[in-house]
Amino acid sequence: MLIGTNMIKFKTNFAGLELKTPLIIGSSGLTKNVQKNREFEQAGAGAIVLKSLFEEQIQMYCGTFIHPSDSPEAADYIENYVKAQQIDEYITLIKETKAACSIPVIASLNCYKTDVWAEYARLMEEAGADALELNIYYLFTELNFSYDTVIRLYSTVLQKVKKQLSIPVIVKIGKYFSNIPALAHILKNQGADGIVLFNRFYQTDIDIHTEQIVSGQIFSNRSEISDTLRWTALVSGKVPGLPIAASNGIHDWEDVVKCLMAGATVVQLCSAVYMYGAEIITKMLDSMGDWMNQKKYRTISDFADKLSSSNVADHSLYERSQFMKYYSNR
Ligand SMILES: Cc1cc2nc3c(=O)[nH]c(=O)nc-3n(C[C@H](O)[C@H](O)[C@H](O)COP(=O)(O)O)c2cc1C
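Every value quoted in this text rests on a predicted model; they were computed, and no experiment measured them.

Calculation notes
Residues numbered from 1 in each chain as written. Predicted model: local features only at pLDDT ≥ 70, side-chain atom pairs only at ≥ 80, totals over all residues. Heavy atoms only, no water. Near = heavy atom within 4 Å. Polar contact = N/O pair within 3.5 Å; in protein donor to acceptor, adjacent residues only side chain to side chain. Areas by Shrake-Rupley, 256 points an atom, 1.4 Å probe, with all protein chains shown as cover. 1 Å grid on protein atoms, 1.4 Å probe; cavity = no way out; pocket = protein on both sides within 12 Å on 5 of 7 lines; lining within 4 Å. Sits in = over half its atoms within 2 Å of the grid points. Helix = DSSP H or I, 4+ residues; strand = E, 2+ residues; numbered from the N terminus. Contact = heavy atoms within 4.5 Å. Buried < 20%, exposed > 50% of the residue type's maximum accessible area, 1.4 Å probe, protein only. Phe/Tyr/Trp six-rings, centres within 6.5 Å; stacked < 30°, edge-to-face > 60°. Core = buried A, V, L, I, M, F, W, Y, C linked by side-chain atoms within 4.5 Å. Pairing = 2+ DSSP bridges. Patch = residues over 30% accessible without salt bridge, like charges linked within 9 Å, V, L, I, M, F, W, Y side chains within 5 Å. Salt bridge = Lys/Arg side-chain N within 4 Å of Asp/Glu carboxyl O. Points joined across faces, edges and corners; volume = space filled by probe spheres on them. Nonpolar A, V, L, I, M, F, W, Y, C, P; charged D, E, K, R; others polar.

**Let's talk about the site of the ligand**
Then comes step 1: Near the ligand lie 20 residues; those nearest to it are Ser27, Ser52, Asn135, Ser220 and Ser271.
Then comes step 2: Measuring from an oxygen atom of the ligand, one finds a side-chain N or O atom of asparagine 135 at 2.6 Å.
Then comes step 3: Measuring from an oxygen atom of the ligand, one finds a side-chain N or O atom of serine 271 at 2.5 Å.
Then comes step 4: Computed on the free molecule, the ligand has an accessible area of 610 Å², of which 87% lies beneath the protein chains in the complex.
Then comes step 5: One can see that the ligand is located within the largest pocket.

This is the structure we're talking about:
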């Protein structure tokens, strides 16, 4: 465990939360266990995002018991029962993690509709969550489609939740948007206290032997950091005042430094912690501390944001033309 003066240099503030370090454990199965959450704190995590409460998951459970067309009343009853039970378990996880840890505990809601979720968010705040991360996602495949639908979905969910809460609300998005800075700008104007760039989706693959659709690679790899860096740098430059948690493809301490330089305030770690355990957090902080000493950086703010798109002379380096230039010389 890191202690004392060494930790002072890592202090930061993300979305109004005071953090001892900029390393946050991302929402996943890693954070569904109170004891493990405590281990993450001891290893040096600055905050924890609890596993998500999934709108889809609750609906799926309900559908397993009874189909609405068989008996609408029974389906309704079971749906309400299952929802209540799931939310109860989640509230317990928040309360127990809060009792066991002193770092901020961020609840996570994975949703794409707007009905009861705002109410659940309020229960999470009442249970002691320090902030809420909203993982809003819906896979649009309709052919008759307008981009406004996406913006409307994100805006409506965020606005409804914001109205219910006084804790910070952080929005986690995926990377498949036609204009990420524009979406970030809209979310900021509608009260988002921070943004996570990016969620990673369940990957699809095909097994050619069994001729079945199967799960692809569950964990990220380091090449995925490229998109994270590009969009972190562009969003931080174009949407000042919206704190960014960089996520996806961050596997070692150098990746952490890169994200902070690109303009992230914090990073979220998931795959790396699954693969290497909680110790990776301490190792990252130790190595980052050594690097900061060598560079004579006393705090994170001494190097943070240095390479965001607004702080580099040629911000087109973060845009697509760089790719063309690179290959046209070969
Ligand atoms: C096994 C696994 C479970 C995850 N579960 C959730 C989840 O419940 N909610 C969520 O918002 N993101 C979830 N994620 C996404 C991660 O929080 C993270 O955004 C993503 O994996 C990218 O970070 P990484 O490259 O460090 O893995 C999950 C990821 C993995 C690998």
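**Considerations on the environment of valine 239**
Then comes step 1: Position of valine 239 among the secondary structure elements: in the loop between helix H8 (225-238) and strand S11 (244-247).
Then comes step 2: As a C-alpha pair, valine 239 and leucine 183 span 56 residues in sequence and 10.0 Å in three-dimensional space.
Then comes step 3: If sequence neighbours within four positions are ignored, valine 239 has contacts with Pro181, Ala184, His185 and Lys188.

**A few points about the side chain of serine 271**
Then comes step 1: Tracing the chain through its elements places serine 271 in helix H10 (residues 271-276).
Then comes step 2: Within the structure, the side chain of serine 271 is placed 2.8 Å from the backbone nitrogen of serine 220, a separation counted as a polar contact.
Then comes step 3: Leave out the neighbours within four places in its chain, and serine 271 touches Phe219, Ser220 and His251.

**With respect to the side chain of serine 309**
Then comes step 1: Among the structural elements, serine 309 can be located in the loop between helix H11 (279-295) and helix H12 (321-328).
Then comes step 2: Taking the relative accessible area as the measure of exposure, serine 309 reaches 5% and is therefore buried.
Then comes step 3: Among the polar contacts listed, one links the side chain of serine 309 to the backbone oxygen of alanine 233, at a separation of 2.9 Å.
Then comes step 4: Among residues more than four places away in sequence, those in contact with serine 309 are Ala233, Leu234, Gly237, Lys238, His315 and Tyr318.

**Looking at the packing of aromatic side chains**
Then comes step 1: The tally for this structure, following the rule as stated, stands at 9 aromatic pairs.
Then comes step 2: For the pair tryptophan 291 and tyrosine 297, a centre-to-centre distance of 5.5 Å together with 50 degrees between the ring planes defines the contact as tilted.
Then comes step 3: Residue class for tryptophan 291 comes out buried when judged on its relative accessible area of 13%.
Then comes step 4: Under the relative-accessibility criterion, tyrosine 297 is labelled buried at 13%.

**Quick word on the nonpolar core**
Generally speaking, nonpolar side chains in soluble globular proteins are found buried as a group.
Then comes step 1: Formed by 87 residues in total, the largest nonpolar core has its most connected members in Met124, Leu132, Leu134, Tyr154 and Ile173.
Then comes step 2: Contact partners of methionine 124, with chain neighbours within four places excluded, come to Leu53, Ile87, Tyr90, Ile91, Ile94, Ala107, Ser108, Leu109, Ala129 and Leu132.
Then comes step 3: By size, the runner-up hydrophobic cluster in this structure holds 13 residues, among which are Phe14, Ile24, Ala47 and Ala245.

**Examining the pairing of strand S4 (residues 47-54)**
Then comes step 1: The buried count for S4 comes to 6 of 8 residues, which makes it a mostly enclosed element.
Then comes step 2: Relative to strand S5 (residues 105-111), S4 is paired through 5 bridges, and the arrangement is parallel. Looking at S5, one finds that leucine 53 is bridged to leucine 109.

**What to know about a nonpolar patch on the surface**
Then comes step 1: Taken together, the side chains of Ile206, Ile208 and Ile213 define a hydrophobic patch exposed on the protein surface, amounting to about 370 Å² of accessible area.
Then comes step 2: Structurally, the position occupied by isoleucine 213 is in strand S10 (residues 212-215).
Then comes step 3: For isoleucine 213, a relative accessible area of 69% translates into the label exposed.

**Remarks on the pairing of strand S9 (residues 204-207)**
Then comes step 1: When S9 meets S10, the two strands line up antiparallel, connected through 4 bridges. Pairing of aspartate 207 across the sheet is with glutamine 212, part of S10.
Then comes step 2: In sequence, S9 turns back onto S10 through a hairpin of 4 residues, with glutamate 211 there showing a positive phi of about 55 degrees.

**What to know about the layout of surface pockets**
Then comes step 1: Of the voids in this model, the largest pocket is the one considered here, and its volume is about 1,300 Å³.
Then comes step 2: Lining the largest pocket are 41 residues; nearest its centre among them are Phe54, Asn199, Arg200, Phe201 and Tyr202.
Then comes step 3: Contributing elements (two or more residues each) for the lining of the largest pocket: S4, helix H3 (55-65), strand S12 (266-269) and H10.
Then comes step 4: Classifying every residue of the lining of the largest pocket gives 16 nonpolar, 20 polar and 5 charged.

Read these as spatial facts, not as claims about activity.
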